[in-house]
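# A structural walkthrough
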Amino acid sequence: MQRMEQTGLVNAGEERLRKLLIRGLAGDAAAYHAFLQELSAHLRAFMRKRLARLPDEVEDLVQESLLAVHNQPHTYDAAQPLTAWVHAIAKYKLVDLLRRRAKRDLLTDPLDEDIDLLSSSDSEAAEARRDLGKLLEQLPDRQRLPIVHMKLEGLSVAEAARLTGMSESAVKVGVHRGLKALAAMIRGDA
């Protein structure tokens, strides 16, 4: 019985949103404003479920989704459920966010996640530093210098860029590619 009541509420909410949109598209500014208000709350709940680990991104995605709904009303088929159309738009915005984050994360991989170069004893640490130095010598400057400045000296991207004369993007790419090259050397792939 409770399931049927929930389904009725969902259908009622769906129908209310649909009617508000249709009235809004026909020129009723108050209905359109109410549509956007109610849709905002709906999208916020939708995004919070999917972005539990990225709560700071929820509001931006809600706004991006609302903007897409506002800019693309011609893509809505009134014969289909409104929330299916809205959820499709929201999912595309979510996928775009995750792609952007994945690209950014690839450029900033920490050294200790790729290779375990730290040793517990002093002699092992000295050997590791010597081995790392030999491996780093094999890298071109555009990869070696950003790794040395950022990962070994602990400088920021901006500081490493200033010291090397490279752009911040080039520093990030240099670190990423250099770490991959070091990992390949250690595995014996290079």
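Going by the structure above, here's the rest.
Bear in mind the structure is a predicted one, so any value in this text is a computation, not a measurement. (Residues numbered from 1 in each chain as written. Predicted model: local features only at pLDDT ≥ 70, side-chain atom pairs only at ≥ 80, totals over all residues. Heavy atoms only, no water.)

Evaluated as defined, the whole model comprises 8 salt bridges. A salt bridge links Glu59 to Arg44; the nearest nitrogen and oxygen atoms lie 2.9 Å apart. With Glu59 in helix 3 (residues 58-71) and Arg44 in helix 2 (residues 29-50), this pair connects stretches of sequence that are 15 residues apart. Among the residues examined, Glu59 registers a relative accessible area of 34% and is labelled partly exposed. Arg101 is the partner of Glu57 in a salt bridge, and the nearest nitrogen-oxygen pair spans 3.2 Å. Residue Glu57 is located in the loop between helix 2 and helix 3, and its partner Arg101 is located in helix 4 (residues 82-107); the two are separated by 44 residues in the primary sequence. (Salt bridge = Lys/Arg side-chain N within 4 Å of Asp/Glu carboxyl O. Helix = DSSP H or I, 4+ residues; strand = E, 2+ residues; numbered from the N terminus. Buried < 20%, exposed > 50% of the residue type's maximum accessible area, 1.4 Å probe, protein only.)

Direction vectors running N to C along helix 2 and helix 3 enclose 135°, while the axes themselves pass 9 Å from each other. For the element pair helix 2 / helix 3, the angle class is oblique. Helix-helix and strand crossings are classified by hand; for helix 2 and helix 3 the assignment is right-handed. Contacts from Tyr32, Phe35, Leu36, Leu39, Ser40, Leu43, Arg44, Met47 and Arg48 in helix 2 reach Val58, Glu59, Leu61, Val62, Ser65, Leu66, Val69 and His70 in helix 3. Looking at the contact of helix 2 with helix 3 residue by residue, the classes come out as 11 nonpolar, 3 polar and 3 charged. (Axes fitted to C-alpha atoms, helices over the stretch in contact; angles between N-to-C directions. Parallel < 35°, antiparallel > 145°, perpendicular 65-115°, else oblique. Left-handed = near helix turned anticlockwise from the far one by under 90°. Contact = heavy atoms within 4.5 Å. Nonpolar A, V, L, I, M, F, W, Y, C, P; charged D, E, K, R; others polar.)

With that settled, consider the nonpolar core. Residues Phe35, Leu39, Met47, Leu82 and Trp85 are the most contacted members of the largest nonpolar core, which totals 25 residues. At the level of secondary structure, the elements contributing two or more residues to this core comprise helix 1 (2-25), helix 2, helix 3 and helix 4. The residues contacting Phe35, other than those within four sequence positions of it, are Leu17, Leu20, Leu21, Val69 and Leu82. With 15 residues, the next largest nonpolar core counts Leu132, Leu135, Leu136 and Met150 among its residues. (Core = buried A, V, L, I, M, F, W, Y, C linked by side-chain atoms within 4.5 Å.)

Topologically, Ser40 is positioned in helix 2. Residue classification places Ser40 among the buried residues on the basis of a relative accessible area of 11%. On a C-alpha basis, the gap between Ser40 and Val62 in space is 6.6 Å, while along the polypeptide they are 22 residues apart. In contact with Ser40, other than residues within four places in its own chain, are Val62 and Leu66.

Another aspect to go through is helix 8 (residues 157-164). Buried residues of helix 8: Val157, Ala160 and Ala161, and no others. Angular distribution of buried residues about the axis of helix 8 spans 100°; they occupy a single face of the element. Opposite the packed face of helix 8, turned more than 90 degrees from it, sit the exposed residues Arg162 and Leu163. In this structure, the buried side of helix 8 is in contact with helix 7 (141-152) and helix 9 (168-187). Of the residues trailing helix 8, Gly165 is marked for its positive phi of about 80°. (Arc of directions from axis to C-beta.)

A few words now on the packing of aromatic side chains. Under the criterion given, the structure shown has 2 aromatic pairs. Ring centres of Tyr76 and Trp85 lie 5.2 Å apart, and the angle between their planes is 45°; this geometry places the pair in the tilted category. The residues Tyr76 and Trp85 share a single accessibility class, namely buried. Between Arg50 and the ring centre of Phe46, over which it is positioned, the NZ or CZ distance is 3.7 Å. (Phe/Tyr/Trp six-rings, centres within 6.5 Å; stacked < 30°, edge-to-face > 60°. Lys NZ or Arg CZ within 6 Å of the ring centre and 35° of its normal.)

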